[in-house]
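# Examination of the molecular architecture
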Amino acid sequence: MSNSLAVQTLLDETQYLVSPPKVYMKLKAALEDPSTDFGDLAQLISTDVSIAARLLKVANSAMFNFPGQVSSIDRALSLIGTQQTVDLILATEVLKSISGIKSDIFSVEEFSKHSLGCAISARVLAQYKGEHDIEAHFVNGLLHDTGRLLLFVKYPDAQKALLETNKNESAPLRALETQQYGISHEEIGAALFRSWGLPEALVECTAYHHTPMSSEHHSFSAAIVHVADWITHAIPMGGNGENFVPALDESAWLSLGIPESSLEMIMTEINKQYNSALSLLL
Amino acid sequence: MNQLRVNDITVGMVCAADILNKNGQLLIPANTSIEEKHLRLLKAWGFTELPIISSSEPAANQSTTATPPSTESLECRFRHNTPSLLAVIEMKKILGSGKFLRGEM
């Protein structure tokens, strides 16, 4: 109980830093309303010019490789799919609010790159596995470390000390944080997303991205984020403060059934999409 | 690699990344040695700063940045991973080949 109290206090004090994705919330409600048509959705998206612009940039990136220019929201919706577009909008909204954060002790840019790298990796892995809704995996990867972001902003001095210990004594940053605060960055992120009413799969992927097999209903999606995070640290793409590549969970890796011989090909595709998305999203 | 102001860039320095215009068109590819005409064009295009790999000996420095990570540094970075896992062995092999070296900005 004291844990959930501590999480609530932390959320109350840091919520203002990352705002709930308003356009996404409206779109989600619209999707659930049977009277909503295509034009209504396009209209809603167009009300936020910066989000509409970001969506078009993503639609024109190497993530999709559509022939020709995608120049309207209508066209993006029909090419990408409505649910997938709404997922991408969640991603662009939260990424926008993250990149507005200022910090002296960690690089927001590096953190954003880590988030984007994990998002692209999760998307490529999901695509490799023949998943339909690959944009949902993109969102899961993008937001997995939001809890740590709140820790950096709320406890800059303590986090600075933990970063030093992580570097000098080689203990995983995640373990040091849990020791220091009594809660993990995974639990904090999950609590935030639950309080926003975001999809349960996202909540579980955030909660279990280091221990995916503990996820009750979404262990496959959590395993995707886990392996994506591992690849993101290994290459590396950006950084989230952790100085070492987190341990790969053997059961999680095996559960995806990806042959080791495919790893290089998957990483090559990730690298290509990441380099393209980098200039577009950040 | 440094972000240098266009005014501080001199002939012979090497671009660390592709230089694109706002529409994503490639103006100067990564690893291009800057010439006098580039400097004129960069100013005309309105660039204020560029990512630069080296200042004096581009070739020598380039080969330094392209060195694959040593076994020791990989072992250190992967210390929390189970060394006998096939995926971990494969990942270290891929990274050790130097294929995924990136000029992070």
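Because the structure is predicted, anything quoted here is derived from the model rather than measured.

Let's shift gears to helix 3 (residues 38–46) of chain A. Residues and elements named next belong to chain A. Within helix 3 the residues assigned to the buried category are Leu-41, Ala-42 and Ile-45. Along the axis of helix 3, the buried residues cluster in a sector spanning 95°; they form a single face. Of the surrounding secondary structure, the elements contacted by the buried residues of helix 3 are helix 2 (22–32), helix 4 (49–59), helix 5 (73–80) and helix 6 (82–99). Its side-chain oxygen at 3.1 Å from the backbone nitrogen of Gly-39, Asp-37 defines the N-terminal cap of helix 3.

The next subject is the layout of surface pockets. All names here are of chain A. Estimates place the volume of the second largest pocket at around 380 Å³. Around the second largest pocket, the lining comprises 24 residues; the ones closest to its centre are Gly-239, Asn-240, Gly-241, Glu-242 and Asn-243. Sorting the residues of the lining of the second largest pocket by element identifies helix 7 (108–128), helix 10 (156–169) and helix 14 (219–234) as the ones contributing at least two each. Residues of the lining of the second largest pocket, tallied by class, amount to 8 nonpolar, 10 polar and 6 charged.

For the rest of this paragraph, the subject is the interface of chain A and chain B. Think of interface size as the accessible area that goes away when the parts come together; that is how it is often given. Across the contact, 29 residues belong to chain A and 19 residues belong to chain B. Counting the surface lost from both chain A and chain B, the interface buries some 2,200 Å², and carbon and sulfur atoms represent 59% of this. Taken as a group, A:Val245, A:Glu260 and A:Glu264 account for 23% of the area that chain A buries against chain B, more than any other trio of residues on that side. Between chain A and chain B we count 1 salt bridge in total. Between B:Lys99 and A:Glu264 there is a salt bridge; the shortest N-O distance is 2.9 Å. For the interface between chain A and chain B, the tally reads 10 residue pairs in polar contact (both at pLDDT 80 or more). Looking at which element gives the most residues to the side of chain A that touches chain B, the answer is helix 16 (residues 263–281) of chain A, with 7 residues. In the side of chain A that touches chain B, the residues fall into 17 nonpolar, 6 polar and 6 charged.

Counting buried positions along helix 8 (residues 134–143) of chain A gives 9 out of 10 residues, so the element sits mostly inside the fold. When helix 8 of chain A is considered as a whole, its buried residues turn out to be A:Ile134, A:Glu135, A:His137, A:Phe138, A:Val139, A:Asn140, A:Gly141, A:Leu142 and A:Leu143.

Core analysis: the biggest nonpolar cluster contains 104 residues, and A:Trp230, A:Ile231, A:Met267, B:Phe78 and B:Met91 have the highest contact counts within it. Per-element accounting of this core gives the leading share, 10 residues, to helix 7 of chain A. In contact with A:Trp230, not counting residues within four places along its chain, are A:Val245, A:Pro246, A:Leu248, A:Leu263, B:Phe78, B:Asn81, B:Ala87, B:Val88 and B:Met91. With 11 residues, the next largest nonpolar core counts B:Ile9, B:Ile19, B:Leu39 and B:Leu50 among its residues.

The rules behind these values
- Residues numbered from 1 in each chain as written.
- Chains lettered and ligands numbered in written order.
- Predicted model: local features only at pLDDT ≥ 70, side-chain atom pairs only at ≥ 80, totals over all residues.
- Heavy atoms only, no water.
- Buried < 20%, exposed > 50% of the residue type's maximum accessible area, 1.4 Å probe, protein only.
- Helix = DSSP H or I, 4+ residues; strand = E, 2+ residues; numbered from the N terminus.
- Arc of directions from axis to C-beta.
- Contact = heavy atoms within 4.5 Å.
- Polar contact = N/O pair within 3.5 Å; in protein donor to acceptor, adjacent residues only side chain to side chain.
- 1 Å grid on protein atoms, 1.4 Å probe; cavity = no way out; pocket = protein on both sides within 12 Å on 5 of 7 lines; lining within 4 Å.
- Points joined across faces, edges and corners; volume = space filled by probe spheres on them.
- Nonpolar A, V, L, I, M, F, W, Y, C, P; charged D, E, K, R; others polar.
- Buried area = accessible area lost by both parts, 1.4 Å probe.
- Salt bridge = Lys/Arg side-chain N within 4 Å of Asp/Glu carboxyl O.
- Core = buried A, V, L, I, M, F, W, Y, C linked by side-chain atoms within 4.5 Å.

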